[in-house]
Amino acid sequence: LLAGRDEDALPLWRALSQAYPANPLLMDAVAQTSRHLGQADAAVSRLLAGLQSPYVGIRVRAAMLLLTGDFMYDISEEAVGRVLETTHRDFAAWDLLAERLPDEVRRRSALLMSRGYSAAADVMMARLLPYEVSPCDIMFRVALRLAGGQPEEALALLAPYLDPDTYVAGRWWHPDRWQVNTVAGLYDLLQGEIAAGSGEWRVAASHFERAIDQGYVVAGHVFAARALHQLGETAEAAAWLEALSARPEDQAALWAAAASLELARLDQDQVRVTAALESLNRERARLDLPPVTTADAPRLRSWLDMPPLGQVLVLETRTELDGSVHLRGLFGPNPGRAYPVEAWEARLFDPATYRVYGETRVASILVPGALTEWSISLDPSETAPYTPAFLALEAWSGALVHFQQALAELTLNPVPADEAAIARETDYVFDGQIRLVGYTGPDLNPDSLTLTLYWQTEQALSDDYQVLLHVIDEAGLLVGQGDGTPVGGRYPTSRWAPGLLIEDARRVDFDPPLPPGHYQVRIGLYRLADLQRLAPQPVDERVHESAVLVGEPSLAEP
C-alpha cells in the first residue's frame with residue numbers, strides 16, 4: 001500500500017477483512033482500494049454486504065461510507081433505503097460514531113437532498129446540536145420545506161430567530177457565522193413576497209428594506225424596487241436600483257441593470273429598455289459573460305418559487321432558426337455549506353440511445369435570499385430534421401456531487417419550409433396565435449387523402465395544439481380523420497420557433513375505401529385537454545364550426 005501498488009494490496013486487505021470480520025477499518029480499506037482501482041461495483045457490493053453484518057460497527061461504517069460523494073451516486077434507490085434503515089435501526093451506534101462532526105452531518109444531508117430524499121435530509125440535519133446550528137443549516141431546512149410547497153412550515157422554522165435572545169446565543173457560540181442575523185432577513189424576504197402576492201406593496205417594501213440591513217443587499221434592493229414600482233413610485237424605485245448599482249458587493253451592478261430592464265419593459269419605455277440592456281451587457285462583459293437580448297435577460301425570484309427538486313427547473317426551451325437551443329432555467333440556492341453549487345450543466349441527448357448532441361457547463365450565478373432565473377445557450381451537433389431530444393439541467397458541486405436533474409423535451413433542427421411549394425396561400429389566423437400560411441392538396445383517392453399544411457407563428461406558444469383534419473361526405477358525415485400533433489408528432493406547437501415556416505404533411509387512410517362522390521376537407525386546431533377548437537379569423541364562407549374548408553375533391557365512378 002505504501003508503495004502505491006493498490007492492485008497488490010487489495011487481496012491482502014480482503015484476506016485481513018475475512019480474518020477479522022468485526023473490524024470496520026478493514027472493510028473500509030477493501031471498499032476504498034477497490035474504488036481507486038476502478039472497481040466501483042465491487043466496492044459498493046462490499047459495503048452493501050456490510051449493511052447485513054452481525055457487527056454493529058461494520059453496519060454503521062458501511063452506511064457512513066455509502067453516504068459520501070464517492071459512493072452515493074453508484075447505489076440504487078433500494079440501497080439508499082437500506083442505508084437509511086441502518087441509521088434508524090442502529091441509532092445509538094450511529095449517533096456515537098457518525099454524528100460527532102457537524103460538517104459530516106451537513107454533507108450527508110446535502111447528498112440525500114441531491115438524490116431527492118428531502119425528508120431524510122431534513123431529519124438528519126435536525127440532529128445537529130443547537131449550539132452547532134448555523135444560519136446556512138436553517139436555510140437548508142427552509143429550502144426543503146419551500147421545495148415541498150410548505151411556506152407556513154418554512155416561516156415557522158425561521159420565526160424563533162426573530163427573538164434577539166436566540167440570535168445572541170448563536171452569536172456567542174459562533175460569532176463568525178452570526179455576525180448578521182440573515183435568518184431574520186430571510187423571514188422578511190418571504191413575508192415581503194407574501195405581502196406582495198396579496199397586493200400589499202407598502203408592507204412588502206418595508207419587509208424588503210429590513211432585509212437589506214440583515215445581509216440581503218442585492219435581493220432586498222431588487223425586490224423593494226419592484227414593490228415601489230407597483231405603487232407607482234417609479235422615481236423611488238429607480239433610486240433604489242441606482243443605489244444598488246453603486247454598492248461594492250459582487251454582481252450588484254449586474255442585478256441593478258437587470259432589474260432596471262425588467263421595470264422598463266413593464267412600462268413599455270423603449271428608450272429605457274435600450275439603455276438598461278446596454279448597461280446590463282456592459283456588466284456581463286465585465287464578468288466575462290456573453291451578451292443577452294431582452295428576452296434572455298436574467299431575473300431574481302423569491303424563494304417562494306423554490307423548484308420542486310430544490311435546485312433546478314426548466315422554465316422554457318427555444319430552438320432558433322440557426323439551430324441553436326436556448327433554455328431558461330430557475331436555479332435554487334446553495335444547499336448549505338457542505339456542497340456549494342459551483343456550476344450549472346445543460347446537456348442535449350437522444351432519449352433512446354443517450355447519444356449526446358451538445359452540452360455546456362457555466363459557472364453558477366447565485367444571489368443570497370433569491371432564486372436565479374438565467375438563460376443558457378447550446379449549439380448542438382448536426383442532426384436530422386425534427387430530431388426529438390431531451391434536455392437535462394443539473395447543478396454541480398465539484399466533479400462528483402450533482403443535484404437531481406430537471407428534464408425537458410424539445411425538437412432539434414426544425415427545417416424551414418420552401419415557400420414556393422405552397423400551392424394555395426391563405427391568411428387565416430387561429431386564436432390570434434397561429435397562421436395558416438397556405439396548403440398544397442388535398443389529393444384524394446379511394447384509399448387515402450394527402451394534404452400539406454404550412455403554419456407559422458410570430459410568438460412563442462405555451463400550449464400544444466392538435467391539428468384537425470376531417471373528411472366529410474355529401475351527407476355531412478365524418479368519413480375520415482387525420483388529427484394529431486404537427487409534423488407527424490415530432491414538432492408540437494409549444495416548441496415552434498417564432499417566424500419559422502413549418503411544413504406539416506398529413507395523410508388520412510380509408511378502410512373500407514371511399515365510394516365515388518363529392519367530399520369536403522376541413523382543417524383546424526384544438527386543445528387536446530378539452531377539445532376546444534381555436535377560432536380562425538377572418539370568419540368567411542369557408543369557415544364552419546371553427547374549421548376551415550381547404551378542398552372539395554371528388555371521386556368519379558371507376
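Relevant structure appears above.
Residues numbered from 1 in each chain as written. Predicted model: local features only at pLDDT ≥ 70, side-chain atom pairs only at ≥ 80, totals over all residues. Heavy atoms only, no water.

Digging into unusual backbone geometry
Note that the residue after Gly441, namely Pro442, is joined by a cis bond; omega there is 0 degrees. Along the chain, Pro442 falls in strand 11 (residues 434-444). Pro512 follows Asp511 through a cis peptide bond whose omega is 10 degrees. Of note, Pro512 is situated in the loop between strand 15 (502-509) and strand 16 (517-518). A positive phi angle, near 55 degrees, is found at Gln268, a position not held by glycine. Mapping Gln268 onto the fold places it in the loop between helix 16 (252-266) and helix 17 (270-286). You can call Gln268 exposed: its relative accessible area is 73%. Phi is positive for Leu531, which is not a glycine, with a value near 60 degrees. Inspection of the secondary structure assignment puts Leu531 in the loop between strand 17 (520-527) and strand 18 (536-537). (Helix = DSSP H or I, 4+ residues; strand = E, 2+ residues; numbered from the N terminus. Buried < 20%, exposed > 50% of the residue type's maximum accessible area, 1.4 Å probe, protein only.)

Quick notes on the pairing of strand 6 (residues 371-378)
The element strand 6 is extensively covered by neighbouring structure, given that seven of its eight residues are classed as buried. The sheet contact formed by strand 1 (residues 299-301) and strand 6 spans three bridges and is antiparallel. For Arg299, the partnering residue across the bridge sits in strand 6 and is Glu373. Sheet topology note: the strand 3 (residues 325-331)/strand 6 ladder contains seven bridges and is antiparallel. When the sheet's bridge partners are listed, Gly329 is paired in strand 6 with Trp374. (Pairing = 2+ DSSP bridges.)

Quick word on helix 2 (residues 24-36)
The first and last C-alpha atoms of helix 2 sit 18 Å apart over 13 residues, in line with the 18 Å expected at 1.5 Å per residue. For helix 2, the full list of buried residues reads Leu26, Met27, Asp28, Ala29, Val30, Ala31, Gln32, Thr33 and Ser34. Here the buried face of helix 2 lies against helix 1 (6-19), helix 3 (40-50) and helix 4 (56-66). A positive phi of about 85 degrees marks Gly38, the residue just after helix 2. (Expected span 1.5 Å × (residues − 1). Contact = heavy atoms within 4.5 Å.)

Side note on the sheet that holds strand 14 (residues 478-481)
With respect to topology, five strands assemble into an open sheet ordered 14-13-17-20-19, the strand pairing being antiparallel. Edge positions in the open sheet fall to strand 14 and strand 19 (543-544), since each of these has one partner strand only. Two strands pair when backbone bridges link them, and strand 13 (residues 465-472) and strand 17 are joined in this way by eight bridges, in the antiparallel orientation. The partner of Val467 across the bridge, within strand 17, is Leu525.

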